[in-house]
Amino acid sequence: METIEDEILRLKEERNAVILAHVYQPDEIQEIADFTGDSFKLSVEASKTDADVIVFCGVRFMAETANILSPDKITLLPAEDAGCQMFDDTLLPRVKAELAAHPEYRLVSYVNTPASVKAISDVCCTSSNAVKVIESMPEDAEILFVPDPNLASYTAERTTRHIHVLEGGCPIHGNLRTDVLQRVKDEHPGALVLMHPECRPELRAMADYIGSTSGIVDYAAASDCKEFIIATEMGVFYQLEEACHRQGKTFYPASRSMLCVNMKKTNLTKVRDALRTLEPRVVVPEDVRKKAHAALSRMLEIK
Ligand code: 13P
Ligand code: SF4
């Protein structure tokens, strides 16, 4: 009998589809994906795929990004209600109000934004290229960076540019507490702490390495150390085990509460059904898409 994984593979061939999965996705999804990676790597894959259908296993802003970059393809988001808790509908009016109050601001938006905010941005960035993107702005630029004040402060510490922020942030990373991390460090004194820049500054001061999800995986794979405390969403453990296969390395979560419910909404049944029905689709309206495309393209051009 055909298993659900076999059916997905068969439908994928029939539809000429590609499955992209963020590294916070459930293990079963990362296993069947054609490409896994951080937000930047997945944006690049979405911009260059020659598939007819992109099945985006992640959250809505990621599928929107794929549709903005490849509008001639069908973009499917199997978990239709998977949003990102870093922003809500108030973000666009708040950003507009700030820009109206400070017309001199240049807007840099993290990819974790709705298409409508990307559309009014000078340029987008991800956690892996935020510093490079900010450095690409004129020396005297006054930059409004949304929607994550923690990634903004991490970036500001590494550049001479002036960065302004709005309230917001990722609760999964932002709620990590110093006493919780200290306890895990005390339990594993030989372990290195690898952390995502969406964590708060006082937590980042306790880290040995700070980087995007791909950066964390690459660092662990290249390190001579055998033990690591991982301060990001727990889906990344799948990639850590894959990348460090047979290296005898052990990974400990900084906190077992670092789980993004939205990232866990995708399952095999939803991926199979999306491939069967070619729904639910994500389509960004053309006027918004064109403007958002310009901001994303500028990001992709920065080397
Ligand atoms: P990266 O994959 O770019 O590290 O982003 C992390 C994240 O929180 C995505 O939602
Ligand atoms: Fe958004 Fe945080 Fe979930 Fe990433 S981990 S999708 S930033 S809520």
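Preceding block: the structure.
The residue numbering used here restarts from 1 in each chain and proceeds along that chain's sequence as written. Following the order in which they are written, the chains are lettered starting with A and the ligands numbered starting with 1. Only residues with pLDDT of at least 70 are given local features in this predicted model, and only at 80 or more are side-chain atom pairs given and counted; all residues enter the totals for whole chains, interfaces and linings. Note: side-chain values were computed over all heavy atoms of the structure, leaving out hydrogens and water.

A. Main features of the overall build of the protein chain. Where helices and strands are cited, they refer to DSSP runs of H or I of at least four residues and of E of at least two residues respectively, numbered from the N terminus. Summing up its helical and strand segments, the protein chain has 15 helices and twelve strands in all. A globule of 303 residues ought to have a C-alpha radius of gyration of about 19 Å, and the protein chain, at 19 Å, matches this closely. The rule is simple: take the accessible area with a 1.4 Å probe, protein chains only, and divide by the maximum for that residue type; under 20% is buried, over 50% is exposed, in between is partly exposed. In the protein chain, which comprises 303 residues, the proportion classed as buried is 57%. Any two residues whose heavy atoms approach within 4.5 Å at even a single point are treated as in contact. Relative to all contacts within the protein chain whose residues are 6 or more apart in sequence, the contacts with residues 24 or more apart total 64%. Summed over its atoms, the accessible surface of the protein chain is roughly 13100 Å², and 50% of this surface lies on carbon and sulfur atoms. Restricting the calculation to C-alpha atoms gives the radius of gyration, and the globule rule supplies 2.2 Å times the number of residues raised to the power 0.38. Under the convention used here, a 1.4 Å probe and the Shrake-Rupley method define accessible areas, while residue burial counts only the protein chains that appear.

B. Quick look at the pairing of strand β1 (residues 17-22). Most of β1 sits out of view: six of its six residues are buried. Taking every second residue as pointing to the same face, both faces of β1 are buried, with A17, I19 and A21 on one and V18, L20 and H22 on the other. Here five bridges tie β1 to strand β3 (residues 53-57), and the two strands are oriented parallel to one another. Bridge assignment links V18 to a residue of β3, and that residue is I54. The pairing criterion is simple: DSSP has to find at least two bridges between the two strands. Across three bridges, β1 lies against strand β2 (residues 35-37) in parallel orientation. By the bridge assignment, L20 is partnered in β2 with F35. Classification remark: right-handed applies to a crossover when, strands pointing away from the viewer, the course from the first strand over the helix to the second runs clockwise. Traced from β1 through helix α2 (residues 27-32) to β2, the parallel crossover comes out right-handed.

C. Local environment of a negative patch on the surface. Patch membership requires over 30% relative accessible area and the absence of a salt bridge. Like charges are linked within 9 Å, and nonpolar side chains (Val, Leu, Ile, Met, Phe, Trp, Tyr) within 5 Å. Any Lys or Arg side-chain nitrogen found within 4 Å of a carboxyl oxygen on Asp or Glu counts as a salt bridge. In this tally, Asp and Glu contribute negative charge and Lys and Arg positive charge; neither His nor the terminal groups of the chain are included. Every charge is mapped onto a representative atom, which is NZ of Lys, CZ of Arg, CG of Asp or CD of Glu. Together, E5, D6, D27, E28, E31, E241 and E242 line one region of the surface with negative charge. When residues of the negative patch are traced back to their parent elements, those giving at least two are α1 (4-15), α2 and α13 (236-243). Relative to the assigned elements, E28 resides in helix α2.

D. Highlighting the site of ligand 1. We define proximity as follows: a residue is near a molecule or strand when any one of its heavy atoms falls within 4 Å of that partner. In the neighbourhood of ligand 1, 13 residues make up the surrounding shell, with H22, S39, S127, H196 and T213 lying closest. What qualifies as a polar contact is a pair of N or O atoms within 3.5 Å, subject to a donor-acceptor requirement within protein and to the restriction that residues adjacent in sequence count only when both atoms come from side chains. Within the contact set of ligand 1, an oxygen atom lies 3.1 Å away from a side-chain nitrogen or oxygen of E198. Within the complex, the protein chains bury 96% of what would otherwise be the 300 Å² of accessible surface of ligand 1. In this classification, Asp, Glu, Lys and Arg are treated as charged, Ala, Val, Leu, Ile, Met, Phe, Trp, Tyr, Cys and Pro as nonpolar, and every other residue, Gly included, as polar. Here the shell around ligand 1 is built from residues that sort into four nonpolar, seven polar and two charged.

E. Just the packing of α1 against helix α14 (residues 268-277), in detail. An axis is simply a line fitted to the C-alpha atoms; with a helix, the fit covers only the stretch in contact. Between two such axes, the angle follows the N-to-C directions and lies from 0 to 180 degrees. Running from amino to carboxyl end, α1 crosses α14 at an angle of 30°, the nearest separation of the two axes being 9 Å. It follows from the interaxial angle that α1 and α14 lie roughly parallel. Two packed elements cross with a definite hand, and for α1 against α14 that hand is left-handed. Residues I4, E5, E7, I8, L11, K12 and R15 of α1 touch α14, and the partners they reach there are L268, T269, V271, R272, L275, R276 and T277. Taken together, the residues that form the contact of α1 with α14 break down as six nonpolar, two polar and six charged. Every angle not falling under 35 degrees, over 145, or within 65 to 115 is termed oblique; those three ranges are roughly parallel, roughly antiparallel and roughly perpendicular. For any pair of crossing helices, the crossing counts as left-handed if the nearer helix is rotated counterclockwise from the farther one by less than a right angle, and right-handed if it is rotated clockwise.

F. Representation of the packing of aromatic side chains in the model. Only centres within 6.5 Å qualify two rings of Phe, Tyr or Trp (six-membered ring in Trp) as a pair; their planes then separate them into stacked at under 30 degrees, edge-to-face at over 60, and tilted for everything else. For the structure on display, the rule yields three aromatic pairs. Taken together, a centroid distance of 5.5 Å and an interplanar angle of 20° make the contact between F228 and F251 stacked. Pair noted here: F228 is in strand β11 (residues 227-231) and F251 is in strand β12 (residues 250-253), with a separation of 23 residues, a long-range link. Taking the relative accessible area as the measure of exposure, F228 reaches 0% and is therefore buried.

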